[in-house]
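# Report on the structure
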Amino acid sequence: MRIIKLSKDDEEMQNRDMVRKYFEVSLPKKYGGKFLFKKGWIAEGELSAGEKVVFTYNGDLVYLGVAASERQDYTGELGWSPHDYPYYFLVDTNQLYCGWGSLADFESKLSENGLLEKNIVRSQGWPHLQDSLQLDDIWNCFKLD
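What you are looking at is a predicted structure, and each value in this text was computed from that prediction instead of being measured.

In terms of helices and strands, the chain carries three helices and eight strands. Listing every helix and strand of the chain by position from the N terminus yields β-α-β-β-β-β-β-β-α-α-β. A compact globule built from 145 residues should have a C-alpha radius of gyration of about 15 Å, and the chain, at 14 Å, falls within 12% of that. Dimensions of the chain, computed from C-alpha atoms along their principal axes, come out at roughly 45 × 30 × 30 Å. Split into buried and exposed, the 145 residues of the chain put 43% on the buried side. Within the chain, contacts between residues at least 6 apart in sequence are counted, and of these 67% link residues at least 24 apart. Of the side-chain charges in the chain, 17 are positive and 23 negative, and the distance between the mean point of each set is 4 Å.

In structure tokens, the structure reads:
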């Protein structure tokens, strides 16, 4: 599972309404599920198709999804510079759900179940957690159907 912390510094995510529009309109229709990201956020081989993803914004879980690909090289076909966004992964937009709760709540649930080795709320990066059935159950508890 990958925790992705969305940033207000991204011009498409400067507020909560923009985040909603991105996930409900732009990602599935404009970008065909391609979620672009910068160098250093996900290393090669560190994301698998079928892996669960948690998207957070301002400390809240906003969307939960499933990766439909591993990390791919981005070549600029969507109009963004590959220098700024050299990579992407596909999000299965048919398995994209609104999330609820805070990242702190999610972290607490992981800790209660012995699934957390480090703090994810305060980390700067996009933490990766080893997939397990127990982790899937927790992920499902934080998605709205």
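From this point, the discussion proceeds with the structure in view.
Within the element layout of this structure, D17 appears in helix α1 (residues 16-30). With a relative accessible area of 57%, D17 lands in the exposed category. For the pair D17 and I120, spaced 103 residues apart in the sequence, the C-alpha separation amounts to 25 Å.

The next subject is the sheet that holds strand β2 (residues 34-37). Taken in spatial order, the three strands make up an open sheet running β2-β6-β5, and their pairing is antiparallel. Only two strands of the sheet have a single neighbouring strand rather than two, namely β2 and β5 (72-73). By the bridge criterion, two bridges tie β5 to strand β6 (residues 87-90) in an arrangement that is antiparallel. Paired with Q72 across the bridge in β6 is Y88.

Let us look at the sheet that holds strand β7 (residues 97-99). Within the open sheet, the five strands sit side by side as β1-β3-β4-β7-β8. Their pairing is mixed. Only two strands of the sheet have a single neighbouring strand rather than two, namely β1 (2-6) and β8 (143-144). In this structure, strand β4 (residues 60-66) lies alongside β7, joined through two bridges in antiparallel fashion. Directly across from Y63, in β7, lies its bridge partner C98. In the packing of helix α3 (residues 133-141) onto the sheet, the strands contacted are β3 (52-57), β4, β7 and β8, and the crossing angle to β3 comes to about 40°.

So, about the side chain of R2. Among the secondary structure elements, R2 is positioned in strand β1. A distance of 2.8 Å separates a polar side-chain atom of R2 from the backbone oxygen of E46. Within the structure, R2 has its side chain in polar contact with the backbone oxygen of W126 (distance 2.7 Å). R2 has contacts with W41, I42, E46, L47, E51, K52, V53, V54, W126, P127 and H128, leaving out every residue within four places of it along the chain.

It is worth spelling out the pattern of salt bridges at this point. Tallying each qualifying case throughout the model produces five salt bridges. A salt bridge links E24 to R20, with the shortest nitrogen-to-oxygen separation between them at 3.5 Å. Residue E24 and its partner R20 are located together in helix α1, separated by four residues, close to a single helical turn. Overall, the relative accessible area of 36% leaves E24 in the partly exposed class.

Basis of the calculations
- Residues numbered from 1 in each chain as written.
- Predicted model: local features only at pLDDT ≥ 70, side-chain atom pairs only at ≥ 80, totals over all residues.
- Heavy atoms only, no water.
- Helix = DSSP H or I, 4+ residues; strand = E, 2+ residues; numbered from the N terminus.
- Rg over C-alpha atoms; globule rule 2.2 N^0.38 Å.
- Buried < 20%, exposed > 50% of the residue type's maximum accessible area, 1.4 Å probe, protein only.
- Contact = heavy atoms within 4.5 Å.
- Lys, Arg positive; Asp, Glu negative; His and termini not counted.
- Charge placed at Lys NZ, Arg CZ, Asp CG, Glu CD.
- Pairing = 2+ DSSP bridges.
- Axes fitted to C-alpha atoms, helices over the stretch in contact; angles between N-to-C directions.
- Polar contact = N/O pair within 3.5 Å; in protein donor to acceptor, adjacent residues only side chain to side chain.
- Salt bridge = Lys/Arg side-chain N within 4 Å of Asp/Glu carboxyl O.

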